Protein chains: 2
Amino acid sequence: MHIPFDILKAEFKRVLLSLHFSEDKAEQCAQIFAENSRDGVYTHGLNRFPTFIQYVKDGFIAVDAEPAKEGGFGSLEQWDGHYGPGMLNASFCMNRAIELAEENGIGCVAIKNTNHWMRGGTYGWQAAEAGMIGICFTNTIANMPPWGGIDPVLGNNPLIIAVPHDGGHVVLDMAISQYSIGKLNLYKSQNEPLPLPGGYDQEGNLSTDPSAILESLRVLPIGFWKGSGLSLVLDLLVTVLSQGRSTAAITKGGPESGLSQVFIAIKPIGIKNQGLIEEIISYTKTSRPEKEGDEIFYPGEKTLRTREKSLREGVWLDDGIWEKVKGL
Amino acid sequence: MHIPFDILKAEFKRVLLSLHFSEDKAEQCAQIFAENSRDGVYTHGLNRFPTFIQYVKDGFIAVDAEPAKEGGFGSLEQWDGHYGPGMLNASFCMNRAIELAEENGIGCVAIKNTNHWMRGGTYGWQAAEAGMIGICFTNTIANMPPWGGIDPVLGNNPLIIAVPHDGGHVVLDMAISQYSIGKLNLYKSQNEPLPLPGGYDQEGNLSTDPSAILESLRVLPIGFWKGSGLSLVLDLLVTVLSQGRSTAAITKGGPESGLSQVFIAIKPIGIKNQGLIEEIISYTKTSRPEKEGDEIFYPGEKTLRTREKSLREGVWLDDGIWEKVKGL
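Residues numbered from 1 in each chain as written. Chains lettered and ligands numbered in written order. Predicted model: local features only at pLDDT ≥ 70, side-chain atom pairs only at ≥ 80, totals over all residues.

> Tell me about the interface of chain A and chain B, and name the residues and values.
Counting residues at the interface gives 69 residues for chain A and 69 residues for chain B. Those elements that place two or more of their residues in the side of chain A that touches chain B are strand 2 (68–73), helix 4 (86–104), strand 4 (106–114), strand 6 (159–163), strand 7 (170–174), helix 8 (225–242), helix 9 (247–253) and helix 10 (273–284) of chain A. With twelve residues, helix 8 of chain A is the single largest residue contributor to the side of chain A that touches chain B. Of the residues in the side of chain A that touches chain B, the class split is 38 nonpolar, 21 polar and ten charged. (Contact = placed C-beta atoms within 7 Å. Helix = DSSP H or I, 4+ residues; strand = E, 2+ residues; numbered from the N terminus. Nonpolar A, V, L, I, M, F, W, Y, C, P; charged D, E, K, R; others polar.)

In structure tokens form, the structure reads like this:
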């Protein structure tokens with residue numbers, strides 16, 4: 001079904017207030033969850049909300065926690081998230097990075113002991129809305145084998161890069177695994193093969209069968225050895241810069257909590273920016289599409305279309321999960 | 001054949017001096033070319049040297065050019081490379097980013113009108129040797145189709161991330177295409193299939209046949225749509241931050257010259273760094289290998305082994321190209 005954005009947000013807020021979120025924090029969290037569904041990232045909008053609430057009830061997320069500055073040097077800062085809601089900590093850090101970039105051209109904020117930020121793109125859009133280039137990444141619990149190995153010891157550590165653009169911001173929001181576990185489960189439940197290889201089966205063959213990949217737990221890093229290396233270095237960056245917990249420490253600790261993240265903002269000071277961005281996007285779109293009538297998209301373009309559609313026609317919901325949330 | 005590092009370097013220097021490189025610049029360029037072969041990146045060491053020399057002779061590389069500061073704000077600087085040798089400009093910019101990070105925790109230097117930097121890893125190693133986290137990326141001439149398209153309108157825009165580490169720096173150095181055109185040609189010349197799909201054939205099927213991919217010119221971005229998006233945003237970042245030429249402008253201009261690049265250095269100010277890095281690397285290595293007896297490597301680990309072997313046993317050379325260089 002489809003419902004208006006405000007009704008979705010109000011429902012999230014109702015549940016959060018009942019769990020003793022302050023008015024401000026409930027408002028901000030509800031906004032982010034509702035925006036994630038509005039933008040088509042259902043896995044980190046409505047669908048994830050019950051898990052988030054369970055984490056709050058289990059005490060893995062500290063409702064009242066505030067981030068505190070632990071250290072820093074110049075435009076580089078280290079914060080402790082005190083296990084607060086990941087979205088609030090992440091918004092705070094990107095905002096702080098933007099302030100540092102306003103002062104000095106570039107700012108970098110690392111945070112330890114935070115929680116899942118849901119959709120990483122949220123903080124890319126946040127930077128772009130502020131007229132800043134935004135780059136952020138996080139570690140996760142181990143869920144992907146390294147190249148040449150079969151046991152999941154790497155996170156799928158999402159990377160977000162956003163560039164402000166008048167006609168619609170360019171926002172790349174990608175996990176380093178080809179498909180998330182959520183996506184594999186979705187294809188499995190629909191009894192459909194993946195459109196492209198997403199991991200290995202038990203025999204070690206590249207596979208488009210979501211069930212086989214979920215059994216082997218060998219999800220594919222993007223670009224094989226390249227994604228494996230990228231995931232490792234992103235974990236190094238967030239852990240070293242925040243002095244926080246690595247994928248190793250998070251995984252050994254049990255639930256996916258106490259993550260490390262980095263937020264970078266850069267002020268685009270050039271005067272030719274919009275023209276240069278248009279040039280790049282329009283040149284990319286000159287490629288003939290593989291299938292006649294198809295279109296080449298830049299990252300974030302489809303998000304914006306989904307957003308506009310959601311605001312026009314209502315936000316799409318999974319009925320079962322919606323009923324579950326209404327019962328929380 | 002294998003020859004000592006110093007002889008290889010001396011030969012490069014001889015040729016460069018004959019083309020009116022200053023003593024300093026010839027020394028530095030020769031060092032970088034020799035190091036690239038020493039580290040096993042032959043495609044951007046000896047093998048690339050004749051092309052570099054041809055570019056100098058054709059006037060696409062200005063032997064005497066010096067980079068000049070064009071603008072900036074705080075720890076963010078914009079430089080013009082004046083079409084000088086790409087390796088010298090890149091070394092200069094990473095060094096400048098390191099200076100900015102020493103002053104302020106993080107520094108970002110963007111350069112326009114530069115040339116091919118050969119091996120991007122060179123500047124990652126440079127940052128790590130200085131005790132800094134180094135991140136750099138470049139655009140290139142268009143050589144890869146965007147996701148959903150068939151014409152090459154994106155660069156394979158390499159991304160380098162380096163983290164200093166006492167036991168051997170972690171240096172990720174990856175192009176965004178799964179295999180470079182050079183690698184495809186290498187497999188083709190050896191009449192061997194690629195170990196993994198590297199592009200599409202003329203019928204639009206994923207292929208491990210290097211000849212089929214070279215015919216279609218549809219090389220595969222890492223992670224399919226993800227690499228396509230990553231390549232686009234890296235081009236946006238280098239172009240916007242340097243106010244320089246995009247992949248579109250470079251491609252329309254003809255030869256691969258006048259590139260745009262970005263260099264970021266971050267000072268790892270935490271006191272627990274080495275322990276955290278060890279934890280991450282050692283945990284990653286706990287994954288059972290896919291093939292018994294195999295080993296899990298971190299990015300840069302094999303490079304260091306090749307380096308040590310080259311210094312012990314001599315640097316491996318392609319005899320034919322070596323003869324060609326001696327005749328230059």
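> A description of the packing of helix 1 (residues 5–18) of chain A against helix 2 (residues 23–38) of chain A should follow, citing residues and the corresponding values.
All names here are of chain A. Their axes nearest at 8 Å, the elements helix 1 and helix 2 cross at an angle of 140 degrees. Judged by the inter-axis angle, helix 1 sits oblique to helix 2. Viewed along their axes, helix 1 and helix 2 form a crossing whose handedness is right-handed. Judged by residue contacts, Phe-5, Leu-8, Lys-9, Phe-12, Lys-13, Leu-16 and Leu-17 of helix 1 engage Ala-26, Glu-27, Cys-29, Ala-30, Gln-31, Phe-33, Ala-34, Ser-37 and Arg-38 from helix 2. Considering only residue class, the contact of helix 1 with helix 2 consists of ten nonpolar, two polar and four charged. (Axes fitted to C-alpha atoms, helices over the stretch in contact; angles between N-to-C directions. Parallel < 35°, antiparallel > 145°, perpendicular 65-115°, else oblique. Left-handed = near helix turned anticlockwise from the far one by under 90°.)

> Explain the relation of the copies chain A and chain B to me, and be specific about the residues and the numbers.
Mapping one chain copy onto the other needs a rotation about an axis and a shift along that axis. The two copies are related by a screw motion: chain A maps onto chain B through a turn of 180 degrees and a shift of 0.0 Å along the axis, at an RMSD of 0.0 Å. Such values leave the two copies arranged in the relation of a two-fold axis. A share of 100% of interface residues in chain A that are also interface residues in chain B marks the association as one of identical surfaces. (Least-squares fit on C-alpha atoms with pLDDT ≥ 70 in both.)

> Describe the sheet that holds strand 7 (residues 170–174) of chain B, and please don't skip the residues or the numbers.
All names here are of chain B. If you trace the seven strands from one edge of the open sheet to the other, you get 2-3-4-10-5-6-7, paired in mixed fashion. Both edges of this open sheet fall to strand 2 (68–73) and strand 7, since each of them pairs with a single strand only. For this sheet, the mean inter-axis angle between neighbouring strands, taken without regard to orientation, is 15 degrees. Two strands pair when backbone bridges link them, and strand 3 (residues 76–80) and strand 4 (residues 106–114) are joined in this way by five bridges, in the parallel orientation. (Pairing = 2+ DSSP bridges.)

> Break down the pairing of strand 4 of chain B for me, citing the residues and quoting the values.
Residues and elements named next belong to chain B. By the criterion of burial, strand 4 is predominantly enclosed, with nine of the nine residues buried. Pairing of strand 4 with strand 10 (residues 259–266) involves seven bridges; the strand directions are antiparallel. Bridged to Ala-110 within strand 10 is Val-262. (Buried ≥ 20, exposed ≤ 12 C-beta atoms within 10 Å, placed from the backbone.)

> So what about the sheet that holds strand 6 of chain A? Which residues, and what values?
Residues and elements named next belong to chain A. Reading across the sheet, the seven strands line up as 2-3-4-10-5-6-7 and stay open at both edges, with mixed pairing between neighbours. At either margin of the open sheet sits one strand with a lone partner, and together these are strand 2 and strand 7. Averaged over all pairs of adjacent strands, the angle between strand axes in this sheet comes to 15 degrees, irrespective of strand direction. In terms of strand pairing, strand 5 (residues 133–138) meets strand 6 through four bridges, oriented antiparallel. Within the sheet, the bridge partner assigned to Ile-135 lies in strand 6 and is Ile-161. Sitting on the sheet, helix 8 is in contact with strand 3 (76–80), strand 4, strand 5, strand 6 and strand 10 (259–266), with an inclination near 90 degrees to strand 10.

> Give me the lowdown on the environment of B:Lys69, citing residues and values where you can.
All names here are of chain B. By secondary structure assignment, the location of Lys-69 is in strand 2. Judged by the 12 C-beta atoms lying within 10 Å of it, Lys-69 falls in the exposed class. For the pair formed by Lys-69 and Pro-152, sequence separation is 83 residues and the distance between their alpha carbons is 33 Å. The contacts of Lys-69, once residues within four sequence positions are left out, are Glu-77 and Trp-79.

> Lay out the domain arrangement of chain A in plain terms, naming residues and giving numbers.
When the parts of a complex come together, some accessible area is lost, and that lost area is often used as the size of the interface. What the domain assignment lists for chain A is domain 1 (2–177 + 221–271) and domain 2 (178–220). The residue makeup of the side of domain 1 of chain A that touches domain 2 of chain A, split by class, is seven nonpolar, four polar and no charged. (Domains from an automatic or database assignment.)

> Requested: an account of the nonpolar core, with residues and values cited.
General note: in soluble globular proteins, nonpolar side chains tend to be found buried as a group. Core analysis: the largest hydrophobic core is formed by 190 residues, its most contacted members being A:Ala97, A:Leu237, A:Ala265, B:Ala97, B:Leu237 and B:Ala265. Those residues within four positions of A:Leu237 in sequence are excluded, and the remaining contacts are A:Phe137, A:Val262, B:Ile133 and B:Val163. (Core = buried A, V, L, I, M, F, W, Y, C linked by C-beta atoms within 7 Å.)

> Could you give me a rundown of the environment of A:Trp117, with the residues and numbers involved?
Residues and elements named next belong to chain A. Examined against the element boundaries, Trp-117 turns out to sit in the loop between strand 4 and helix 5 (121–129). A tally of 28 C-beta atoms within 10 Å means that Trp-117 is categorised as buried. Once the C-alpha coordinates of Trp-117 and Pro-158 are considered, the two residues, 41 residues apart in sequence, prove to be 10 Å apart. Each residue touching Trp-117, except ones within four places of it in the same chain, is listed here: Gly-86, Met-87, Ala-90, Tyr-123, Thr-138 and Gln-261.

> Could you give an account of unusual backbone geometry, naming the residues involved and the relevant values?
Even without glycine at this site, A:Asn113 takes up a positive phi of about 50 degrees. Along the chain, the position of A:Asn113 falls in strand 4.

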